[in-house]
Amino acid sequence: MTEHELDEVLRAQDFGYVRGARAFILTRRIEYATEDVTAMVDYACSKGWIDEEGKAVQAHIVRR
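Position numbers for residues start from 1 in each chain and track the written sequence from start to end. Per-residue local features of the predicted model are confined to residues with pLDDT of at least 70, and side-chain atom pairs are confined, for both listing and counting, to 80 or more; whole-chain, interface and lining totals are unaffected and use all residues. To obtain the side-chain values, all non-hydrogen atoms of the structure were included, while hydrogens and water were left out.

Participant: Can you tell me about the overall build of the protein, naming the residues and giving the values?
Facilitator: Secondary structure summary: the protein contains three helices and three strands in total. The helix and strand labels rest on DSSP assignments: H or I over at least four residues marks a helix, E over at least two residues marks a strand, and numbering proceeds from the N terminus. What you see in the protein, going N to C, is helices and strands ordered as α-β-β-α-α-β. The reference for a compact globule is 2.2 Å times residues^0.38; the radius of gyration itself is calculated from the C-alpha atoms. At 12 Å, the protein has a C-alpha radius of gyration in line with the 11 Å of a compact globule built from 64 residues. The principal-axis extents of the C-alpha atoms in the protein amount to approximately 30 × 25 × 20 Å. Per-residue accessibility, obtained with a 1.4 Å probe over protein chains only, is compared with the maximum for each type, and a residue is labelled buried under 20%, exposed over 50%, and partly exposed between these values. Buried residues in the protein amount to 30% of all 64 residues. When contacts within the protein are restricted to residue pairs at least 6 apart in sequence, long-range pairs at least 24 apart make up 42% of them. Accessible surface for the protein amounts to roughly 4,900 Å². Of this, 51% is attributable to carbon and sulfur atoms. Once the 9 positive and 12 negative side-chain charges of the protein are each reduced to a mean point, those two points are 3 Å apart. In this description, contact between two residues means that some pair of their heavy atoms is separated by no more than 4.5 Å. Each accessible area is a Shrake-Rupley result for a 1.4 Å probe, and residues are judged covered by the shown protein chains and nothing else. Under the convention used here, Asp and Glu are negative, Lys and Arg are positive, and both His and the chain ends fall outside the count. Positions of charges follow a simple convention, taking NZ of Lys, CZ of Arg, CG of Asp or CD of Glu.

Below is the structure:
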């Protein structure tokens, strides 16, 4: 899957987007998947792993 294709899938599912070589997952989607999202988002913010709007956490894209 190319970065463009991944971006299309993430956006179509309203789950996030790809910017450059990085995927960003919307924090509001993460909230549904885990109970302790606040600590995870705070940690991501402290590492600079969040987008400019503070609404998406950076994720790794692993190619196989």
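What follows continues from the structure just given.
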